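Here is how the chains run, residue by residue.
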Amino acid sequence: SKIVEALENAGIEVEVKPLPADYALEVDNGWIIERKTATDLAGSIRSGRLWRELEKMKLVEGLKPVVAVEGSLAIIEKFTKWNPTSIIGVINSILFDWNVDVVFLPSRKWFIAYLIQLAKSAEVEKKRPHPLKMKEKAERLEDYAIMVVESLPGVSAVKARALLRHFKTLRC
């Protein structure tokens, strides 16, 4: 498919295999993505297929389900004569009842860019260290003050100690 070809051209390793959705980025905290054109979304709603697809996606452990809608929802209104509030009601059900993210993209080109961005952000995320910070319970007042200052954004343990040496107190 053109999407697979575009991903491979972008340097993304692609493996074609059966999935409970259209695409999966199988990394830690990855995604399983069901791609729908606006007209396909309408057909999936009408036939009940959408709910079966959501159910299958939710059963996949370790991957966050996403529905990517490609194209304008106005097309659904035009071809089905459904009321916009009904369409929005379905979108809200996906988001709130099913707890599945929905992303709206204007074209296949944008969908490809979306997949590439997800894949590249997953690669960066794998390379980024995730320090595990564990603090002992403060027993002394000085330890508690260091913990409070260190909890501020961008303040390391070393900087917290230096700030407390300079200001001598937590008070303003």
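Residues numbered from 1 in each chain as written. Predicted model: local features only at pLDDT ≥ 70, side-chain atom pairs only at ≥ 80, totals over all residues. Heavy atoms only, no water.

(A) Seen up close, the overall build of the protein chain. Within the protein chain one finds eight helices and four strands. Sequence-ordered secondary structure for the protein chain, helices as α and strands as β, is α-β-β-α-α-β-α-α-β-α-α-α. Classification of the 172 residues of the protein chain by burial places 34% in the buried group. At a minimum sequence separation of 6, the contacts of the protein chain that also span at least 24 residues come to 64%. (Helix = DSSP H or I, 4+ residues; strand = E, 2+ residues; numbered from the N terminus. Buried < 20%, exposed > 50% of the residue type's maximum accessible area, 1.4 Å probe, protein only. Contact = heavy atoms within 4.5 Å.)

(B) Structural view of the nonpolar core. Ile3, Trp31, Ile33, Phe111, Tyr114 and Leu115 are the most contacted members of the largest nonpolar core, which totals 19 residues. Elements represented by at least two residues in this core include exactly helix 1 (2–9), strand 1 (23–25), strand 2 (30–37), strand 3 (63–70), strand 4 (101–105) and helix 6 (108–127). Not counting the four nearest positions on each side in its chain, Leu115 is found in contact with Ile3, Leu7, Tyr23 and Ile33. (Core = buried A, V, L, I, M, F, W, Y, C linked by side-chain atoms within 4.5 Å.)

(C) Unusual backbone geometry, seen in detail. The backbone phi angle of Lys81 is positive, close to 65 degrees, even though this residue is not glycine. With respect to the secondary-structure elements, Lys81 resides in the loop between helix 4 (74–80) and helix 5 (84–97). A relative accessible area of 71% means that Lys81 is categorised as exposed. Despite not being glycine, Lys168 shows a phi value in the positive range, around 65 degrees. By the element assignment, Lys168 lies in the segment after helix 8 (157–167). Since its relative accessible area comes to 68%, Lys168 is described here as exposed.

(D) The confidence of the model for the protein chain, seen in detail. Model confidence for the protein chain is summarised by a mean pLDDT of 83, while 88% of its residues fall at 70 or above. Ranking the helices and strands of the protein chain by mean pLDDT puts strand 4 first, with 96, and helix 7 (residues 141–150) last, with 77. Counting contacts from residues 128–136, a segment whose pLDDT is below 50, to residues more than four positions away or on other chains yields three contacts. (pLDDT = per-residue confidence, 0-100.)

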